Amino acid sequence: MPSHRYRDVFSRVEVPLIKRDWPTHRLTAAPLWVPVDLRDGNQALAEPMDPDRKRRFFELMVSMGYKEIEVGYPSASQTDHDFVRLIAESDIAPDDVTIVVFTPARRDLIERTVASIRGIRNPVVIHMYTATAPTWRDMVLGYGEADLKQLILAGGRDVLEFAGDLPNVRFEFSPEVFNLTEPDYVLDICDAMTDLWDATPERPVILNLPATVEVATPNVYADQIEYMHKNLARRDAVILSVHPHNDRGTGIACAELAVLAGAQRVEGCIFGNGERTGNVDIATLALNLHAQGIDPMIDFSDIDEIRRTVEYSNRIEVPARHPYVGDLVHTAFSGTHQDAIKKGFAEHRARAAAEGRPEHEIEWRVPYLPIDPADIGRDYDAVIRVNSQSGKGGIAYLLETEYGVELPRRLQIDFARHVQRHADATGAEITAAELWDVFGSAYIRPAAAAVELVAYDIAESAGRTHTAITLRIDGHAHVTDHTEVGPVEALTAALDAHGIRVDVVSLHQTSVGSGNDSDALTLLEHRSSGGDRWMAGRGRSVLAATLSAVIAAANSIRTTVPVGSAA
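Residues numbered from 1 in each chain as written. Predicted model: local features only at pLDDT ≥ 70, side-chain atom pairs only at ≥ 80, totals over all residues. Heavy atoms only, no water.

Comments concerning the pairing of strand S2 (residues 68-72)
For S2, a buried count of 5 out of 5 residues is recorded, marking the element as mostly surrounded by other parts of the structure. Summarising the sheet, S2 and strand S3 (residues 98-104) pair through 4 bridges and their orientation is parallel. Bridge assignment links Ile69 to a residue of S3, and that residue is Ile99. (Buried < 20%, exposed > 50% of the residue type's maximum accessible area, 1.4 Å probe, protein only. Helix = DSSP H or I, 4+ residues; strand = E, 2+ residues; numbered from the N terminus. Pairing = 2+ DSSP bridges.)

Details of the sheet that holds strand S10 (residues 464-473)
Spatial strand order, S9-S10-S11: 3 strands in an open sheet with antiparallel pairing. Of all strands in the sheet, those bounded by a partner on one side alone are strand S9 (451-461) and strand S11 (476-483). Going across the sheet, the axis of each strand differs from the next one's by a mean of 15°, ignoring polarity. Bridge count for S10 against S11 is 8 bridges, and the pairing is antiparallel. Its bridge partner lying in S11, Ala468 is registered against Asp481. Strand contacts of helix H17 (residues 487-497): S9, S10 and S11, with the helix running at about 45° to S10, the strand carrying the most contacts. Docked against the sheet, helix H18 (residues 542-558) engages S9 and S10, running at close to 140° with respect to S9. (Axes fitted to C-alpha atoms, helices over the stretch in contact; angles between N-to-C directions. Contact = heavy atoms within 4.5 Å.)

Some thoughts on empty space enclosed by the protein
One pass over the structure, following the stated rule, counts 4 cavities of 30 Å³ or more. Here the largest cavity is characterised by a volume of approximately 80 Å³. If you go around the largest cavity, the residues you meet are Leu27, Ala29, Pro31, Trp33, Ala255, Glu256, Val259, Val266, Leu285 and Leu289. Examining the composition of the lining of the largest cavity, we find that 3 residues originate from one element, helix H9 (residues 251-260), more than from any other. Residues that form the lining of the largest cavity fall into these classes: 9 nonpolar, no polar and 1 charged. Estimated volume of the second largest cavity: approximately 70 Å³. Forming the walls of the second largest cavity are Val9, Asn179, Ala211, Glu214, Val215, Ala216, Val220, Tyr221, Gln224 and Cys254. (1 Å grid on protein atoms, 1.4 Å probe; cavity = no way out; pocket = protein on both sides within 12 Å on 5 of 7 lines; lining within 4 Å. Points joined across faces, edges and corners; volume = space filled by probe spheres on them. Nonpolar A, V, L, I, M, F, W, Y, C, P; charged D, E, K, R; others polar.)

Notes on H17
Within H17, the full set of buried residues consists of Pro487, Ala490, Leu491, Thr492, Ala494 and Leu495. Positive backbone phi, at 80°, marks Gly499, one or two positions downstream of H17.

Some words on the confidence of the model for the protein chain
On average, the protein chain scores 89 in pLDDT, and the residues at 70 or more come to 93%. Throughout residues 384-393 the model reports pLDDT below 50, and contacts reaching past four residues in sequence, or to other chains, amount to 23 contacts. Low pLDDT, under 50, characterises residues 562-567; the stretch is placed with 4 contacts to residues that sit more than four places away or in other chains. (pLDDT = per-residue confidence, 0-100.)

Okay, structure coming up:
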């Protein structure tokens, strides 16, 4: 490796020598969280979020309890500008949520940014940034130290000119690439900005110190943050913020040590999306606190729904091994791990019974599981299903290679339970053909078929879509008409009218085989009183397969919840 081409951080920038206090500190409370998914995360996407995705993501963050959200870069994108205007002209932002908008230190862009927030009743933060590190000054911006400082101050004065009279607006400054900027130079600029903006405890200024490109071990960043924490002027009028990236894979550690060193606020993305290797993952940071007995002040009680929304908005799948949220994070393939977890669950249940307390209230100490899966909306069956794959490797591989069927990870876990039962019954190795037959019996051909789709008809009239659904339920035909909905929505509505509610959680499309004669296969995840369940439908078209999957789900519901029951 040509490692001689690179220099360590100590030869690139002065690292302050200080009496370190941060190693003796402990994390005792959550910092101020600021998700930047809608701006920093969005600008890293191959396909930036459209308005629907951006709004859905924003509403998710509000529902989780985030009180400060960076919503966009309104001077750089019409979509971002329009989203800020949507906030101004609607009630999608609760009164206690602070809206953050991002701008470079350029007069015309600052003016457009301030114009975008006019009319917002919420608290607003105008976040101005400029790169300050030597390489950026010399190579990118072409400014010396003194001239760059004056450019930044000019931007600060423009912010005051356009927004200084707005009582609900506060200011934030980021010396971009802080971690590669000379400490006394960045300190001088930050003090000049808090003086210019007249920071007070009643109207504090946010100083955000980004590790824009991660270049050193986390202790170096902690030293840099502690130096600023101890030497900033007007410290009681400053909210010290950090924004680590993850280029070295240590963004989480950088953020945690920075908080020990005096940072009060952390910017990042839920599950860590961002340029290059991403922003710091504020979901992992929050759940790390939770695992240490500290309330993160954010609600992760339905982490799978959070993941689905993030994946939908970003069009990026969260990896199966991602901390806390990944499909396999509660997996134990090793027999020794599996045995320890089973014994841990048994001890947990016995201790709860002995103490006469609910299991979700007593101390969690099950081996290999850092937190109780139930805390984040997972159940214990998921752990056992995942473990049932132990010794049955290749299930998903065989289906894909022999039949071209690709199963979502959660369905792989569910299917493994059926495979395990079949293997226990036969005591023999399962061939690909047997595997496909087990799949069909479990998901495509339910044991009871009291519900049938006899026909569906789609017609256009007077510019409106009409869908007629004919069902046979327990031998009786029923016809219903539906307007301005697609055939799948019409079918679920028709079933609902007869007491069979198919609550679709997700749909996945694949095919059986390849080529022009392959069948479509729809994999449907639906919610029932017993938890999420999977069914499937096969057909010559995607629509036919999807309707078949809905009918299969309806029949599976009928086996547990008779029509007309209170459930």
